[in-house]
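Below, each chain spelled out in residue letters.
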Amino acid sequence: MRRRRAVAATACIAGAAVLVTGGILLSNRHGDEAKADSVSQTVRTGTAVVDEGDLRGTTTKQGTLAGTPGATVPVGPSGTLTSIPAVGTVVKPRDELYRVDNQPVTYFSGALPQWRAFEQGMNDGPDIKQLEENLHTWGYLGQAPTEHFDWNTRVAIDRWQRDTGQPRTGTIELGRIWFGRGDQVVSDRRVDVGQQVAPGAPAYSTTGTTKVATVDLPVGSPLAKVGGAAEVQVPTVGTLPGKVTRVGDPATDDDGKVTVPVTVSFDDPTKVGGLSRLDVSVDFVSATRKHVLSVPVTALGAKNGGGFVVQTVGDGGVIKNVSVEVGLFAGDRVEVTKGALRAGQKVVVPA
């Protein structure tokens, strides 16, 4: 049995009605006129095949391709900003985030923020272990990380300060490092070189290196469902499959319209390449039909009294009107049921 791959595109029954009101009804090759259920027209025609397979109805929305939501990197020490990375720069743990008074603020990996200075005599805590995990990974700490600041911790900090051109104190003042997670891309600078900065002020915003598509949908939309299938039309790349991975909090735009941001993640993010900040079309799968018969929408003819017919082409070119009920519209095809049709039959369509 011939099977047809799933079709994904936007369609609506109202649109189908426009297509079929001038349905094509022909005479058979024996000269007997087929019973017409709509106005006959003299048009060039061809044939198409009744397929059996899966259909997917989709709803298309406009969205934006960008990196995953990132963090806002704050200013640490007060002073004059003397260096800051350009928009688009990828920063990762161990990198310099910016400089204040020509001294670096460094990116450390960790979920906890720095809330105190690291120095001899401080109380034990998970932030110390988080610090030591970085120093151990980078080769400055020879022992297993612990929650206790000891002489080994101080020596490891001293070695790191030596290699990064900082004053060798064996301590880390509050704000001289910043804990974050994963690689980040600078997306929006909030301060410029030469400005006076103060602790806690935003230095720049970031996004993740993994690209996603974001779409604003009306509150309550059935498409705003985590796990829902989608396909993203990416310029210069093509159609990439994905799924809804996040539904954000409702927000009101300038026109008073309330929407929710929906994040669509790609099944294979590597196929996006280096593209970023692009307008894209997102096809949300709104319905699926498994193992159904379908014909081109243009094969439908309007039936007197309501309903639809298709014209099949039999042996010897004999044309027969067959009443059908329609189901899911998916792009240029439509599900047909309760008709005397079978997969592989030919039906009449405009040429």
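Because the structure is predicted, anything quoted here is derived from the model rather than measured.

Engineer: Tell me about the overall build of the chain, and please be specific about residues and values.
Structural biologist: For the chain, the count of helices and strands is three helices and 22 strands. The buried share of the chain, reckoned over its 351 residues, is 41%. The contacts in the chain between residues at least 6 apart in sequence include a share of 67% that link residues at least 24 apart. Surface summary for the chain: the accessible area is close to 17,900 Å², and the carbon and sulfur share equals 49%.

Engineer: Any details on the packing of aromatic side chains? Residues and values, ideally.
Structural biologist: In this structure the tally under the stated criterion is four aromatic pairs. With a centroid separation of 5.2 Å and an interplanar angle of 45 degrees, the aromatic rings of Tyr-107 and Trp-178 are classed as tilted. In this pair, Tyr-107 is assigned in strand E8 (residues 103-109) and Trp-178 in strand E9 (residues 177-180), connecting sequence segments 71 residues apart. The buried category is assigned to Trp-178, whose relative accessible area is 14%. Between Phe-108 and Trp-160 the ring centres are 5.3 Å apart and the planes differ by 90 degrees, which places this aromatic pair in the edge-to-face class. Here Phe-108 is found in strand E8, whereas its partner Trp-160 is found in helix H3 (residues 151-163), with 52 residues between them in sequence. On the basis of relative accessible area, Phe-108 is assigned to the buried category, the value being 0%. Members of the aromatic cluster, each reached through a chain of ring pairs, are Phe-108, Trp-138, Trp-160 and Phe-179.

Engineer: Describe in detail the nonpolar core, supporting the description with residues and values.
Structural biologist: Ranked by internal contacts, the top residues of the largest apolar core, which has 18 residues, are Val-232, Val-264, Phe-266, Val-282 and Phe-284. For this core, the elements supplying multiple residues, two or more each, are strand E12 (202-218), strand E13 (229-234), strand E14 (238-247), strand E16 (258-266) and strand E17 (278-296). It is E16 that provides the largest number of residues to this core, a total of four residues. Setting aside its immediate chain neighbours within four residues, Phe-284 contacts Gly-57, Thr-58, Thr-59, Lys-61, Val-215, Leu-217, Leu-223, Ala-229, Ala-230, Val-244, Val-262 and Val-264. Grouped together as the second largest cluster of nonpolar side chains are 17 residues, Ala-48, Val-297, Leu-300 and Val-334 included.

Engineer: I'd like a rundown of the side chain of Asp-158, residues and numbers included.
Structural biologist: Inspection of the secondary structure assignment puts Asp-158 in helix H3. If we ignore the near neighbours within four places in the chain, the residues touching Asp-158 are Arg-168 and Gly-170.

Engineer: Break down the packing of helix H2 (residues 126-137) against H3 for me, with residues and values.
Structural biologist: Relative orientation of the contacting elements H2 and H3 amounts to 55 degrees, with a least axis distance of 10 Å. Classified by the interaxial angle, the pair formed by H2 and H3 is oblique. The element H2 and its partner H3 pack so that their crossing is left-handed. Contacts from Leu-131, Glu-132 and Leu-135 in H2 reach Thr-153, Ala-156, Ile-157 and Trp-160 in H3. Its residues placed into classes, the contact of H2 with H3 shows five nonpolar, one polar and one charged.

Engineer: So, the sheet that holds strand E7 (residues 96-100): which residues are in play, and what are the values?
Structural biologist: Whether parallel or antiparallel, the strands of a sheet pair through hydrogen bonds between backbone atoms. Pairing within the open sheet is mixed, and its five strands lie in the order E9-E8-E7-E5-E11. With partners counted over all chains shown, the strands left at the sheet margins are E9 and strand E11 (196-197), one partner each. Relative to E7, strand E5 (residues 79-83) runs antiparallel, the two sharing two bridges. Each residue of the ladder has a partner; that of Leu-81, found in E7, is Val-100. Against the sheet, H2 makes contact with E8 and E9, and its axis sits at roughly 100 degrees relative to E8, the strand it touches most.

Engineer: Can you break down H3 residue by residue, with the values?
Structural biologist: In an α-helix there are 3.6 residues to a turn, and that puts residues three or four apart on one side. The first and last C-alpha atoms of H3 sit 19 Å apart over 13 residues, in line with the 18 Å expected at 1.5 Å per residue. Those residues of H3 not exposed but buried are Thr-153, Ala-156, Ile-157, Asp-158, Trp-160 and Gln-161. Its buried side turned inward, H3 meets E8, H2 and E9. Positive phi shows up at Gly-165, right after H3, with a value of about 75 degrees.

Conventions we followed
Residues numbered from 1 in each chain as written. Predicted model: local features only at pLDDT ≥ 70, side-chain atom pairs only at ≥ 80, totals over all residues. Heavy atoms only, no water. Helix = DSSP H or I, 4+ residues; strand = E, 2+ residues; numbered from the N terminus. Buried < 20%, exposed > 50% of the residue type's maximum accessible area, 1.4 Å probe, protein only. Contact = heavy atoms within 4.5 Å. Areas by Shrake-Rupley, 256 points an atom, 1.4 Å probe, with all protein chains shown as cover. Phe/Tyr/Trp six-rings, centres within 6.5 Å; stacked < 30°, edge-to-face > 60°. Core = buried A, V, L, I, M, F, W, Y, C linked by side-chain atoms within 4.5 Å. Axes fitted to C-alpha atoms, helices over the stretch in contact; angles between N-to-C directions. Parallel < 35°, antiparallel > 145°, perpendicular 65-115°, else oblique. Left-handed = near helix turned anticlockwise from the far one by under 90°. Nonpolar A, V, L, I, M, F, W, Y, C, P; charged D, E, K, R; others polar. Pairing = 2+ DSSP bridges. Expected span 1.5 Å × (residues − 1).

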